[in-house]
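# Architecture at a glance
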Number of protein chains: 2
Amino acid sequence: MRYLCLLLVIPLMLQWGCESGNAQTTAEKKARPEYALVIHGGAGAIKKSKMTPELEKAYRAALETALQAGETILKEGGAAQDAVIAAIQSMEENPLFNSGKGAVLTNQGKAELDASFMDGKSRNSGAVAGVRTIKSPIAAARLVMDSSKHVMMSGEGAEIFAKSYGLEMVENDYFITEKRKSQLARILEGQMASQAGMKKKYGTVGCAALDKEGNLAAGTSTGGMMNKRYGRVGDAPIIGAGTYADNASCAVSCTGHGEYFIRNVVAYDVAARMSYLEESLEKAANYIIMDKLKAINASGGLIAVDKDGNIAMPFNSSGMYRGYAKSTGERFIGIYHDEE
Amino acid sequence: MRYLCLLLVIPLMLQWGCESGNAQTTAEKKARPEYALVIHGGAGAIKKSKMTPELEKAYRAALETALQAGETILKEGGAAQDAVIAAIQSMEENPLFNSGKGAVLTNQGKAELDASFMDGKSRNSGAVAGVRTIKSPIAAARLVMDSSKHVMMSGEGAEIFAKSYGLEMVENDYFITEKRKSQLARILEGQMASQAGMKKKYGTVGCAALDKEGNLAAGTSTGGMMNKRYGRVGDAPIIGAGTYADNASCAVSCTGHGEYFIRNVVAYDVAARMSYLEESLEKAANYIIMDKLKAINASGGLIAVDKDGNIAMPFNSSGMYRGYAKSTGERFIGIYHDEE
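Residues numbered from 1 in each chain as written. Chains lettered and ligands numbered in written order. Predicted model: local features only at pLDDT ≥ 70, side-chain atom pairs only at ≥ 80, totals over all residues. Heavy atoms only, no water.

### Observations regarding the packing of helix H10 (residues 266–277) of chain A against helix H11 (residues 281–295) of chain A
Residue and element names in this part refer to chain A.
- Direction vectors running N to C along H10 and H11 enclose 130°, while the axes themselves pass 9 Å from each other. Between H10 and H11, the angle is such that the two are oblique. Here H10 runs over H11; the crossing is right-handed. Across the interface between the two elements, Val266, Asp269, Val270, Arg273 and Met274 from H10 touch Leu281, Ala284, Ala285, Tyr287, Ile288, Lys292 and Leu293 from H11.
- Class assignment of the residues belonging to the contact of H10 with H11 gives a composition of 9 nonpolar, no polar and 3 charged. (Axes fitted to C-alpha atoms, helices over the stretch in contact; angles between N-to-C directions. Helix = DSSP H or I, 4+ residues; strand = E, 2+ residues; numbered from the N terminus. Parallel < 35°, antiparallel > 145°, perpendicular 65-115°, else oblique. Left-handed = near helix turned anticlockwise from the far one by under 90°. Contact = heavy atoms within 4.5 Å. Nonpolar A, V, L, I, M, F, W, Y, C, P; charged D, E, K, R; others polar.)

### Re helix H5 (residues 137–147) of chain B
Residues and elements named next belong to chain B.
- Of all 11 residues in H5, 9 are buried, a share of seventy percent or more.
- Among the residues of H5, Pro137, Ile138, Ala139, Ala140, Ala141, Arg142, Leu143, Val144 and Met145 are the ones counted as buried.
- Elements in contact with the buried residues of H5: helix H4 (80–92), strand S2 (113–119), strand S3 (125–131), strand S4 (152–154), helix H6 (155–164) and strand S6 (216–222). (Buried < 20%, exposed > 50% of the residue type's maximum accessible area, 1.4 Å probe, protein only.)

### A few points about unusual backbone geometry
Residue and element names in this part refer to chain B.
- Even without glycine at this site, Glu278 takes up a positive phi of about 55°.
- Mapped onto the secondary structure, Glu278 falls in the loop between helix H10 (266–277) and helix H11 (281–295).
- For Asn297, which is not glycine, the phi torsion reads 55° and is therefore positive.
- Assignment of secondary structure puts Asn297 in the loop between H11 and strand S10 (300–306).

### Re the relation of the copies chain B and chain A
- Structural alignment of chain B on chain A gives an RMSD of 0.0 Å, achieved by rotating through 180° and translating 0.0 Å along the axis. Such a combination of rotation and displacement between the chain copies is what one expects of a two-fold axis. For chain B, the minimum C-alpha distance to the rotation axis belongs to Tyr276(B) and amounts to 3.0 Å. (Least-squares fit on C-alpha atoms with pLDDT ≥ 70 in both.)

### Points about the sheet that holds strand S13 (residues 331–336) of chain B
- Strand order across the open sheet formed by 9 strands is S8(A)-S4(B)-S3(B)-S2(B)-S6(B)-S5(B)-S1(B)-S12(B)-S13(B), with mixed pairing between neighbours. The open sheet has two free edges, formed respectively by strand S8 (232–233) of chain A together with S13 of chain B, since each of these has just one partner strand.
- Two strands pair when backbone bridges link them, and strand S12 (residues 319–326) of chain B and S13(B) are joined in this way by 5 bridges, in the antiparallel orientation. Looking at S13(B), one finds that Gly319(B) is bridged to Tyr336(B).
- In the packing of H4(B) onto the sheet, contacts are made with strand S1 (36–44), S2, strand S5 (205–210) and S6 of chain B, and the angle to S5(B) comes to roughly 155°.
- Set on the sheet, H5(B) makes contact with S2, S3, S4 and S6 of chain B; between it and S2(B) the angle comes to about 45°. (Pairing = 2+ DSSP bridges.)

### Some thoughts on the interface of chain B and chain A
- If you look at the interface, chain B gives 44 residues, while chain A gives 45 residues.
- Summing the contributions of chain B and of chain A, the shared interface buries around 4100 Å²; its carbon and sulfur component is 68%.
- There are 0 salt bridges connecting chain B and chain A.
- If you look at where chain B meets chain A, you find 20 residue pairs in polar contact (both at pLDDT 80 or more).
- Looking at the side of chain B that touches chain A, the elements with two or more residues in it are helix H1 (2–19), S4, H6, strand S7 (232–233), helix H9 (258–263) and H10 of chain B. (Buried area = accessible area lost by both parts, 1.4 Å probe. Salt bridge = Lys/Arg side-chain N within 4 Å of Asp/Glu carboxyl O. Polar contact = N/O pair within 3.5 Å; in protein donor to acceptor, adjacent residues only side chain to side chain.)

### What about the confidence of the model for chain A?
Residue and element names in this part refer to chain A.
- A residue-level look at chain A finds 87% of positions with pLDDT of 70 or above and a mean pLDDT of 90.
- Between residues 194–198, whose pLDDT stays under 50, and residues either more than four places distant or in other chains, the model counts 3 contacts.
- Model confidence for the complex is summarised by a pTM of 0.90, with the ipTM given as 0.89. (pLDDT = per-residue confidence, 0-100.)

### Re the pairing of S12(B)
Residues and elements named next belong to chain B.
- The element S12 is largely enclosed, with a buried count of 8 among its 8 residues.
- Relative to S12, S1 runs antiparallel, the two sharing 7 bridges. Bridge assignment links Gly44 to a residue of S12, and that residue is Gly319.
- Where S12 folds back on S13, the antiparallel hairpin that results is connected by 4 residues, among which Gly329 adopts a positive phi of roughly 100°.

### Digging into the sheet that holds strand S8 (residues 243–245) of chain B
All names here are of chain B.
- Read across the open sheet, the 4 strands follow the order S8-S9-S10-S11; overall the sheet is antiparallel. Each end of this open sheet is capped by a strand with a single partner; those strands are S8 and strand S11 (311–312).
- Relative to S10, H11 is tilted by about 165°, and along the sheet it contacts strand S9 (250–256), S10 and S11.

What follows is the structure, encoded as structure tokens:
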């Protein structure tokens, strides 16, 4: 009788043991917002001690503008894809961020832009790398997804494609600001080589969104690395590294030392850990940024929203421009650690 | 007493329940070869009915030559990295395969080559995209890994980098064969548009190896898609999509409809399923190619070797040029299904 009892109880216990990891997920589901949007404007050595109050105010206002651009769409029942594009275009147009206008410059003094975009419903995606004349690289990434059979286009070929579909084209000068020109000039003169603070600012912008239909989308746009050479491509235009979205798990956009993010397939790894290990978004994102990447001195962060509207924004650098908004009225804008 | 007994036994049972998935892995470990090498020369609509005996013989001989080039290095205690390069270069130099000499042509009649390489020990990696004058793209990918801080370089920039390190440079004509020129001409004349058989042959070459030290490495090299435009980049130069290696799990090289392989982060997903779901290499690779990708009509295959020397070579197309060799003397070369 004693053994019979054991035989009956053990299968139940085994099941309980295997499912206990889901407790957190179940709790999170209860608070699912109608929509949620999260953005970043780059991570790196952003220190309060080196920031003027005026500049900080300008960054916070720019993040607020980008958040609003995306949230307005979601609030009215618009698509996550449209919200992501709107928020990123707001930052592309703002010279404070390293994307679109205000992008950092190559060793040759040109702006060479990368972007990628992914739709969580179809898991279709698009990307452009090394483009110089497309006003909105994120719009071009979406165009590649929507209007071609390809995922990634590069250089002049991508520009010919974008132009043929009527995207707005500009001279490369449109992207170049006086600030970036003088930054490059100082680097080339060797004056800034030892200023790690400037070297380690990984400007990139990104957005991830959940809409009222339950669809996820994510996008990333960047000017890449200051003083880059050799046609260097970072993680921003790489699906799986800089950007990933899947309605079954989450939408992610990364910012940081791109080479490490490629090698660690960071954006997809968040989704993989959620799907395969049944980790919560927070646990998966924190592990990758704060443990796995930190252990190899890979600086950066990511922003993500999961299918239940949970937000994660881990970063292991001193700062990350970031913010989120939810239908519940929850709202946040921050730059440094310990702001939440 | 009855309950006390239950309390003692349950933890043991729970542990047993969680570890039972490892049984297969343990069994596999017993047969670990000293080294193992697996190659592919592309997957697609390769039908025996459309192949001449002479051409089939030439392909099998070319695969044998590539296998030997890699195996010779492993047998003598050389590094997996060197074996991967040797096997791939053998195929790059053979005009039968769509990589290096004999690569398919762009819409403009040029050869534009992509390659990527990853070291499983350091998980460092390198890639080049859209290069036209580097004789061995796979050597350039390794050079990016070894001699730069970057992972990926594209176009002319990558060529300048390769040249500065003394890699052999050639005119674009070096890669162009009469066969590819006439293929492109027929496509441009619209004669082949309906010949799905030709359209769906995804030429790419790749290799994955395990050496006597237990180190894994993988690489992929391709001419991309015939008649490609717009600077299209496929999965071959994308770490995580076309190539991945990690000593903790496996080394993988993919071939197929690249856009689907990027969106599904195929190469890394094999490693993720092994690490997170504790699946065997065979189970993970088969699931991705034969279930996940097949379900969305994503044609192609992959080759992989795990840390214990197990080999997987699933493909969902009608054929895949492939082969492997192990220190145990096991040896295989095949093109169609049901050859093993």
